[in-house]
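Each chain is listed here by its residues.
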Amino acid sequence: QVQLVESGGGLVHPGGSLRLSCTASGFDFSSSYMRWYRQAPGKERELVAGISSAGGTTNYAESVKGRFTISRDNGKKTAYLQMNSLKPEDTAVYYCNALLIIRVTRFDYWGQGTQVTVSS
């Protein structure tokens, strides 16, 4: 059974930090491209960060560059999103996503989401 389980969300003051985790099971995590998305109330889901299967390539949305860091530990089948200097506009539900391509078939797996609230 494929599962992605996020954790680490919560309430934090502006300028604070949180680290989100996404633990995978049921598929070949080390071959998957991992991404973090977020969705704020009334807004579309947006891509926040992505990391290649071996971790050598990362990319970020302009709004989080220099503040967020995506990483992964293939041995633990876990992806992380370290979020520093948080702003109220970072408030959203954060989702992890695994993209796996086997031959020509694309598999997209999603976690259930974790709430991040940045407020004083």
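For the structure, see preceding data.
Note that the coordinates shown come from a computational prediction; the quantities given were computed from them, not determined experimentally. (Residues numbered from 1 in each chain as written. Predicted model: local features only at pLDDT ≥ 70, side-chain atom pairs only at ≥ 80, totals over all residues. Heavy atoms only, no water.)

**Notes on the overall build of the protein**
Line of reasoning, step 1. Scanning the protein from N- to C-terminus turns up zero helices and 11 strands.
Line of reasoning, step 2. Order of helices (α) and strands (β) in the protein, N terminus to C terminus: β-β-β-β-β-β-β-β-β-β-β.
Line of reasoning, step 3. Its C-alpha atoms give the protein a radius of gyration of 14 Å, near enough to 14 Å, the size a compact globule of 120 residues would have.
Line of reasoning, step 4. Residue burial in the protein is summarised as follows: out of 120 residues, 42% are buried.
Line of reasoning, step 5. A sequence separation of at least 24 residues applies to 54% of the contacts in the protein between residues at least 6 apart.
Line of reasoning, step 6. Accessible surface for the protein amounts to roughly 6,300 Å². Of this, 48% is attributable to carbon and sulfur atoms.
Line of reasoning, step 7. Looking at charge distribution, the protein has the averaged site of its 13 positive side-chain charges lying 4 Å from that of its 9 negative ones. (Helix = DSSP H or I, 4+ residues; strand = E, 2+ residues; numbered from the N terminus. Rg over C-alpha atoms; globule rule 2.2 N^0.38 Å. Buried < 20%, exposed > 50% of the residue type's maximum accessible area, 1.4 Å probe, protein only. Contact = heavy atoms within 4.5 Å. Areas by Shrake-Rupley, 256 points an atom, 1.4 Å probe, with all protein chains shown as cover. Lys, Arg positive; Asp, Glu negative; His and termini not counted. Charge placed at Lys NZ, Arg CZ, Asp CG, Glu CD.)

**Overview of the pairing of strand β10 (residues 105-110)**
Line of reasoning, step 1. Looking at chain direction, strand β9 (residues 92-102) and β10 are connected through six bridges and run antiparallel. By the bridge assignment, I102 is partnered in β10 with T105.
Line of reasoning, step 2. Hairpin remark: β9 followed by β10, antiparallel, with two residues in the connecting loop; positive phi at R103, about 55 degrees. (Pairing = 2+ DSSP bridges.)

**Overview of the state of the cysteines**
Line of reasoning, step 1. What the rule picks out here adds up to one disulfide.
Line of reasoning, step 2. In this model, C22 is linked to C96 through a disulfide, with the two sulfur atoms separated by 2.0 Å. In this structure the cystine formed by C22 and C96 twists about its S-S bond by roughly 55 degrees; its chirality is therefore right-handed. Linking C22 in strand β3 (residues 18-25) with C96 in strand β9, this pair joins segments that are 74 residues apart in sequence. (Disulfide = S-S within 2.5 Å.)

**Concerning the environment of A98**
Line of reasoning, step 1. Relative to the helices and strands, A98 resides in strand β9.
Line of reasoning, step 2. Each C-alpha atom of the pair A98 and A54 lies 13 Å from the other, and the pair is 44 residues apart in sequence.
Line of reasoning, step 3. Those residues in contact with A98, other than ones at most four positions away along the chain, are L4, F27, S32, Y33, M34, F107, D108 and Y109.

**What to know about the nonpolar core**
Line of reasoning, step 1. Among the nonpolar cores identified, the biggest contains 30 residues, and L4, W36, L81, M83 and Y94 are the most heavily contacted of them.
Line of reasoning, step 2. Breaking this core down by element, the ones donating at least two residues are β3, β4 (33-39), β5 (46-51), β7 (68-73), β8 (78-83), β9 and β11 (114-118).
Line of reasoning, step 3. Sorting elements by how many residues they give to this core places β9 first, with five residues.
Line of reasoning, step 4. If sequence neighbours within four positions are ignored, M83 has contacts with G16, S17, L18, L20, R67, F68, Y94 and V116. (Core = buried A, V, L, I, M, F, W, Y, C linked by side-chain atoms within 4.5 Å.)

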